Amino acid sequence: MATFDVKDQKLVYALGALKNVGVEAMKLIVEARDGTLAEGSPAPDAGPQAGGPGAGSGAASKPFVNLFDFARRVDLKRIGKRPLEMLARVGYVADRPLALALTLQEILDRPLLLEGDAGVGKTAVAQALADGLGRRLIRLQCYEGIDAGEALYEWNYTRQLLAIRLAEARGDHLADDDMFTDAYLTEHPVLAALRHPGPLPAVLLVDEIDRADDEFEAFLLEVLAESAVTIPELGT
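Rules used in this analysis
- Residues numbered from 1 in each chain as written.
- Predicted model: local features only at pLDDT ≥ 70, side-chain atom pairs only at ≥ 80, totals over all residues.
- Heavy atoms only, no water.
- Salt bridge = Lys/Arg side-chain N within 4 Å of Asp/Glu carboxyl O.
- Helix = DSSP H or I, 4+ residues; strand = E, 2+ residues; numbered from the N terminus.
- Buried < 20%, exposed > 50% of the residue type's maximum accessible area, 1.4 Å probe, protein only.
- Pairing = 2+ DSSP bridges.
- Core = buried A, V, L, I, M, F, W, Y, C linked by side-chain atoms within 4.5 Å.
- Contact = heavy atoms within 4.5 Å.
- pLDDT = per-residue confidence, 0-100.
- Expected span 1.5 Å × (residues − 1).
- Arc of directions from axis to C-beta.
- Patch = residues over 30% accessible without salt bridge, like charges linked within 9 Å, V, L, I, M, F, W, Y side chains within 5 Å.
- Areas by Shrake-Rupley, 256 points an atom, 1.4 Å probe, with all protein chains shown as cover.
- Lys, Arg positive; Asp, Glu negative; His and termini not counted.
- Charge placed at Lys NZ, Arg CZ, Asp CG, Glu CD.
- Phe/Tyr/Trp six-rings, centres within 6.5 Å; stacked < 30°, edge-to-face > 60°.

**Observations concerning the pattern of salt bridges**
Applying the stated rule across the entire model yields five salt bridges. Between Arg139 and Asp207 there is a salt bridge, and its shortest N-O distance comes to 2.4 Å. Of this pair, Arg139 sits in strand 3 (residues 137–141) while Asp207 sits in strand 6 (residues 203–207), and the two are 68 residues apart along the sequence. For Asp207, a relative accessible area of 11% puts it in the buried group. Residues joined in a network through salt bridges with shared partners are Asp182, Glu187 and Arg195.

**Quick look at the environment of Gly134**
Within the secondary structure layout, Gly134 lies in the loop between helix 6 (122–133) and strand 3. For Gly134, a relative accessible area of 56% corresponds to the exposed category. As a C-alpha pair, Gly134 and Leu200 span 66 residues in sequence and 7.9 Å in three-dimensional space.

**A short note on the pairing of strand 3**
Remember that side chains alternate between the two faces of the sheet whenever the strand is regular. Across the two faces of strand 3 the burial differs, with Ile138 and Leu140 buried and Leu137, Arg139 and Gln141 not buried at all. Judged from the five bridges that link them, strand 3 and strand 6 form a sheet pairing that is parallel. Opposite Leu137, over in strand 6, you have Val203 as the bridge partner.

**Some remarks on the nonpolar core**
Nonpolar side chains tend to gather and get buried jointly when the protein is soluble and globular. Within the largest apolar cluster, 20 residues are counted, with the highest numbers of intra-cluster contacts made by Leu140, Leu152, Tyr153, Val190, Leu191, Phe216 and Phe219. Of all elements in the fold, only helix 7 (148–152), strand 4 (153–155), helix 10 (189–194) and helix 11 (214–226) reach the threshold of two or more residues within this core. A per-element tally of this core places helix 11 first, with four residues. Every residue in contact with Leu191, bar those within four places of it in the chain, is listed here: Ala151, Leu152, Tyr153, Leu185, Val229 and Ile231.

**A short note on the confidence of the model for the protein chain**
For the protein chain, per-residue confidence averages 74 on the pLDDT scale, and 67% of positions sit at 70 or higher. Per-residue pLDDT, averaged within each element of the protein chain, yields its smallest value for helix 4 (residues 81–89) (55) and its largest for strand 3 (93). Note that residues 38–59 has pLDDT below 50 and, in this model, 32 contacts with residues that lie over four places away or in other chains.

**Topic: helix 11**
Between the first and last C-alpha of helix 11 there are 19 Å, a value that for 13 residues agrees with the 18 Å anticipated at 1.5 Å per step. Inspection of helix 11 places Phe216, Phe219, Leu220 and Val223 among the buried residues, and these make up the whole buried set. Projected down its long axis, helix 11 shows its buried positions confined to an angular sector of 95 degrees, all on one face. What points out from helix 11, more than 90 degrees from its buried face, is the exposed set Asp214, Leu221 and Glu226. On the buried face of helix 11, the contacting elements are strand 3, helix 7, helix 10 and strand 6. Taken from the residues just after helix 11, Ser227 is the one with a positive phi, measuring 50 degrees.

**A few points about a negative patch on the surface**
A cluster of like negative charges, contributed by Glu144, Asp147, Glu150, Glu154, Asp213, Asp214 and Glu215, occupies part of the molecular surface. Here Glu215 shows up in helix 11. According to the relative accessible area criterion, Glu215 is exposed, its value standing at 67%.

**Things to note about the packing of aromatic side chains**
Each aromatic ring pair is described using two quantities: the centre-to-centre distance and the angle formed by the ring planes. Summed over all chains, the structure comprises three aromatic pairs. Between Tyr153 and Trp155, the aromatic rings sit 6.2 Å apart at their centres with planes inclined by 80 degrees, giving edge-to-face as the arrangement. As far as burial versus exposure is concerned, Tyr153 and Trp155 are alike and both buried. Between Trp155 and Phe180 the ring centres are 5.0 Å apart and the planes differ by 85 degrees, which places this aromatic pair in the edge-to-face class. Linking Trp155 in strand 4 with Phe180 in the loop between helix 9 (176–179) and strand 5 (185–187), this pair joins segments that are 25 residues apart in sequence. Exposure remark for Phe180: the relative accessible area of 26% places this residue in the partly exposed category. A network of ring pairs unites the aromatic residues Tyr153, Trp155 and Phe180 as a single cluster.

**A few points about a nonpolar patch on the surface**
A contiguous nonpolar patch, built from Leu104, Ile107 and Leu108 and spanning about 320 Å² of accessible area, is present on the exposed surface. Within the secondary structure, Leu104 is located in helix 5 (residues 96–108). What makes Leu104 partly exposed here is its relative accessible area of 43%.

The structure is reproduced here in structure tokens:
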């Protein structure tokens, strides 16, 4: 029967309380955490570093640092599909290739292209990455005919016109520089991600980019490569 405990004013939730995880999966997870493998158990397929520093019989317990560390050290193939699905639902695990890709993306600070059929979880990866890193998720939904302006920004002409009318009513004069400021700028997803105030960068999800035309893809790749864009009225 699963047990619960309180440690450092936090509720410790037993693995056995998760439906479909099972005793065998729990044993594999604990073995990976403690740096031990049961007799006759094959090592995970991640190479010499699969067990992490200190792996082997008698090594001290080393808690998983994060989701990527868990995916690297645990033999996910032996745990089975149903336990993996349940663990994924509670934020426990990504498969090994995806964990590696996300880790490299974070280290290199480069865009990551995910391909797959609808419903396989591509959008969920971006959401999980943003949640795990404590960052804001900004989404750009692509469609046929989308252009750079719809991805970057537009000027709020209605607000600008209202400001001009108010200035005329007061007898004031507004120069062009007064009209093209952040106060009248409507940021769209790409610009919002580039100008995100932080303290951490935003995660920009570009969804269904295959629906956009070649010109937009080329524009987007250039922007992502340089992490900068020029607004004529404001500069870069």
